[in-house]
Structures are given as C-alpha cells and as structure tokens.
Amino acid sequence: AQSVTQLDSHVSVSEGTPVLLRCNYSSSYSPSLFWYVQHPNKGLQLLLKYTSAATLVKGINGFEAEFKKSETSFHLTKPSAHMSDAAEYFCVVRGDGGYNKLIFGAGTRLAVHP
Amino acid sequence: EPEVTQTPSHQVTQMGQEVILRCVPISNHLYFYWYRQILGQKVEFLVSFYNNEISEKSEIFDDQFSVERPDGSNFTLKIRSTKLEDSAMYFCASTTSLAGADTQYFGPGTRLTVL
C-alpha cells in the first residue's frame, strides 16, 4: 500500500534562506507524487506534481522537488524563503484502486522569520 | 481561474443531528472526492464519486455518511447522525480524469464542529 512520511513536523527558516521539506514515499509501483500547500484558513493548493516525465519538478512560487527513486524521496526545496511561504505543506501520493484517491503525509508547518 | 467552492465555511451542530455539506466542483470535472482532516491529524480520504455512483470509499465512510450529486452541479456529503468524532475540516475535490498525475482541485473546506 502507498504511504508518505514527512520527516519534519515543523521547519523554521529565516527569510531569504533556503527551504528544505523532506518527504519519503512507499509505493509498489511508479508513483504519482504531489506537494500541496495550505495557508491559514485556505484550501489545499497544488504546488507541483511528479508525472514521471522529469525527475526535477518545478512548481509555483519558486518551489522545486526532486524525485529520487533510489532513495524513495520527493523533497521540496526553495532557494530563498519569503514571508508569504509560511504555511502547512503536504506531501501526497496517489493511492491504488483506480480512482486516484490521494494519500497525505502528516504535513510540515513552515515558519519564516524576518 | 475556475475553483471548487464549499458551503458553509463553518457549521456547528448538536450531536445526533444531520448535516449536509455542499460543494460545487469545477464545471467540466467528472470525478469528485471528499476528504476530512481532524484537528492535528492527517488529511484522510473518505469517498470518490463518478457517474452518479460511489467508486471507492474508505473504512471511515460508514452507513452514517452518504453522497450525492442532486442537480448536476452540487456535490453533497450528508452525515445522518453526527458524533463528536465527526468534528473536522471537510474538503471537497474534483478532477477531470483518472490520468496518473491529474490534479485534484480542492475547495477551501467546511469546518464542522459537533457539540
């Protein structure tokens, strides 16, 4: 069965410094992977998705993620954090069963300090 | 840009009461989902819906829950007799197809509080 593990429940960075949010997945086949972001009192917004076309995936707002099959990882990065990046980030894998239910990680809360 | 909408944003109800959470998916989407997030816990899949039928449901989705698409635009989640443990944020999502990495678009959620 598919699952995701987000290795950090909280990450705190200073504005202008790099962001790294870690995610490991478990899947019995080639996975579809996503990162979603949730700002306070907002819905879930797709940041980026891995479609097997390229291992380095670029998303919105300067975020990137690299799919590493050998490490079963899909870490999210951004070179320079902005105050507006403070939010909850979810690593997500598509489940099996054919109807594309999504399986969420526990989330990582990113705090950005001036 | 089209978006998924949900109403109400907040719902407070007494234990044992019925609630209906409403969603309007993106208009050309064909597959619909409900998820929930209990405070402090993971977002969990509840049910998927296609062609006016439930296509998949989780263990959470017991006989107290039902979904329907009554008029071709709304997609509703009904909880017949709410329990304290139903208190959560409920998210609706929709997508156009089941292509491997097709995006599910989420609504802003309905926060349900059961007293």
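Residues numbered from 1 in each chain as written. Chains lettered and ligands numbered in written order. Predicted model: local features only at pLDDT ≥ 70, side-chain atom pairs only at ≥ 80, totals over all residues. Heavy atoms only, no water.

Topic: unusual backbone geometry
Then comes step 1: Omega for the bond connecting Thr-7 of chain B with Pro-8 of chain B falls within 30 degrees of zero, at -10°, which places this linkage in the cis form.
Then comes step 2: Structurally, Pro-8 of chain B is set in the loop between β1 (5-7) and β2 (10-13).
Then comes step 3: The backbone of Asn-61 of chain A shows a phi angle near 60°, a positive value even though the residue is not glycine.
Then comes step 4: Among the secondary structure elements, Asn-61 of chain A is positioned in the loop between β7 (56-58) and β8 (64-68).
Then comes step 5: Notably, Thr-72 of chain A is not glycine yet its phi reads approximately 45°, a positive angle. (Helix = DSSP H or I, 4+ residues; strand = E, 2+ residues; numbered from the N terminus.)

Observations concerning the nonpolar core
Then comes step 1: With 26 residues, the main nonpolar core has Trp-35, Leu-48, Phe-74, Leu-76 and Tyr-89 of chain A as its most contacted residues.
Then comes step 2: Per element, the largest residue contribution to this core is four residues, and it comes from strand β10 (residues 87-94) of chain A.
Then comes step 3: What Leu-48 of chain A contacts, discounting residues up to four positions off in sequence, is Leu-33, Phe-34, Trp-35, Val-57, Lys-58, Gly-59, Phe-63, Glu-64, Ala-65, Phe-74 and Leu-76 of chain A.
Then comes step 4: Ranked by size, the runner-up nonpolar core spans 22 residues in total, among them Ile-26, Phe-65, Phe-75 and Leu-77 of chain B. (Core = buried A, V, L, I, M, F, W, Y, C linked by side-chain atoms within 4.5 Å. Buried < 20%, exposed > 50% of the residue type's maximum accessible area, 1.4 Å probe, protein only. Contact = heavy atoms within 4.5 Å.)

A few points about the state of the cysteines
Then comes step 1: Going through the model one piece at a time under the given rule, you end up with two disulfides over all chains.
Then comes step 2: A disulfide bridge connects Cys-23 of chain A with Cys-91 of chain A, and the sulfur atoms are separated by 2.0 Å. Because the sign of the S-S torsion sets the handedness, a value of about -65° for the bond joining Cys-23 of chain A and Cys-91 of chain A places this disulfide among the left-handed ones. With Cys-23 of chain A in strand β4 (residues 23-26) and Cys-91 of chain A in strand β10, this residue pair connects regions lying 68 residues apart in the sequence.
Then comes step 3: What makes Cys-91 of chain A buried here is its relative accessible area of 0%.
Then comes step 4: With its sulfur 1.9 Å from that of its partner, Cys-23 of chain B forms a disulfide with Cys-92 of chain B. Here the disulfide of Cys-23 of chain B and Cys-92 of chain B is left-handed, its torsion about the S-S bond being about -65°. Placement of the pair is Cys-23 of chain B in strand β3 (residues 19-24) and Cys-92 of chain B in strand β9 (residues 88-95), with a sequence separation of 69 residues.
Then comes step 5: A relative accessible area of 1% means that Cys-23 of chain B is categorised as buried. (Disulfide = S-S within 2.5 Å.)

With respect to the pattern of salt bridges
Then comes step 1: Counting across every chain of the model gives six salt bridges over all chains.
Then comes step 2: As a salt-bridge pair, Arg-22 of chain A and Asp-8 of chain A come within 3.0 Å of each other at their nearest N and O atoms. Residue Arg-22 of chain A is found in the loop between β3 (19-21) and β4, and its partner Asp-8 of chain A is found in the loop between β1 (3-6) and β2 (10-14); the two are separated by 14 residues along the sequence.
Then comes step 3: Residue classification places Asp-8 of chain A among the buried residues on the basis of a relative accessible area of 19%.
Then comes step 4: Of the charged contacts in the structure, one is a salt bridge between Arg-36 of chain B and Glu-44 of chain B, with a shortest N-O distance of 3.2 Å. (Salt bridge = Lys/Arg side-chain N within 4 Å of Asp/Glu carboxyl O.)

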